[in-house]
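One letter stands for each residue in the lines below.
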Amino acid sequence: MTVVDLMSEAKMNVELRSKAIEKGRYELYNCFQCMRCTSGCTSMKLLELKPHQIVTMVKLGLIDELITSGIIWTCAMCLKCTERCPQDAAPSDLITVLRNLAFDMEANVPEAYLKVVSTVLEVGLIQEEQKVTSRDFEIYDRKELNLPKISKPGEIFKNNLLILLTPEED
Ligand code: SF4
Ligand code: SF4
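Since the structure is predicted, the reported quantities are computational estimates derived from the model, not experimental observations. (Residues numbered from 1 in each chain as written. Chains lettered and ligands numbered in written order. Predicted model: local features only at pLDDT ≥ 70, side-chain atom pairs only at ≥ 80, totals over all residues. Heavy atoms only, no water.)

### Focus: the domain arrangement of the protein chain
Thinking step 1. Annotation of the protein chain at the domain level lists domain 1 (3–104) and domain 2 (111–165).
Thinking step 2. The straight-line distance from the C-alpha centre of domain 1 to that of domain 2 is 32 Å. (Domains from an automatic or database assignment.)

Spelled out as structure tokens, the structure:
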């Protein structure tokens, strides 16, 4: 679904807008729609993500539509939009806050992100150990390459990560 489709069915949610604005250190209301963010957006080239429209949607309180769509998850987090913004509106920071809100509200979080969290809890890395293929098409694991074992995350790390991931009480 495109941002334009979303806006055609949108309803303002003032409470969620306040949450999204309070949680970031950006100046959304300074945005004057110059589109410098969108003109340099990495994902725009592939996925038509338009950060200037996301800023406008948040200003209009159309948060539900953003967090239930897949749009906020197509961002590559390259931070170019925030670097290019002359008004400190920081679209990438805003997208991070929207993702956190989506997670808190259990709204349409892509399976791949949840898998990353469970892998970090299990093995301490964002993906499990992989085997590698040599130029001669031989396959090796870490042990065969004389690499040390990767240590599993400890209980303190796991508990702290779970605390960080637990939605805040209102
Ligand atoms: S967020 Fe910044 S760069 Fe993007 S349109 Fe607004 S002022 Fe311009
Ligand atoms: S951080 Fe996301 S929205 Fe900003 S330029 Fe990169 S891909 Fe686009």
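### What about the site of ligand 1?
Thinking step 1. The full set close to ligand 1 counts 13 residues, and Cys31, Cys34, Met35, Cys37 and Cys85 are the nearest of them.
Thinking step 2. Here the shell around ligand 1 is composed, by residue class, of 9 nonpolar, 3 polar and 1 charged. (Near = heavy atom within 4 Å. Nonpolar A, V, L, I, M, F, W, Y, C, P; charged D, E, K, R; others polar.)

### Describing the nonpolar core
Thinking step 1. By size, the foremost hydrophobic cluster in this structure holds 29 residues, and its most contacted members are Ile54, Val58, Ile63, Ile67, Leu94 and Leu98.
Thinking step 2. Among the secondary structure elements, those contributing two or more residues to this core are helix H2 (14–22), helix H5 (51–59), helix H6 (63–68) and helix H8 (91–104).
Thinking step 3. Discounting residues that sit within four places of it in the chain, Ile63 has contacts with Asn13, Leu16, Arg17, Ala20, Val58, Leu98 and Leu101. (Core = buried A, V, L, I, M, F, W, Y, C linked by side-chain atoms within 4.5 Å. Buried < 20%, exposed > 50% of the residue type's maximum accessible area, 1.4 Å probe, protein only. Helix = DSSP H or I, 4+ residues; strand = E, 2+ residues; numbered from the N terminus. Contact = heavy atoms within 4.5 Å.)

### Topic: the site of ligand 2
Thinking step 1. Around ligand 2, a shell composed of 14 residues is seen, among which Cys41, Cys75, Cys78, Leu79 and Cys81 lie nearest.
Thinking step 2. Counting residues per element, the ones that place at least two in the shell around ligand 2 are helix H4 (42–47), helix H7 (80–84) and H8.
Thinking step 3. The class makeup of the residues in the shell around ligand 2 is 10 nonpolar, 3 polar and 1 charged.

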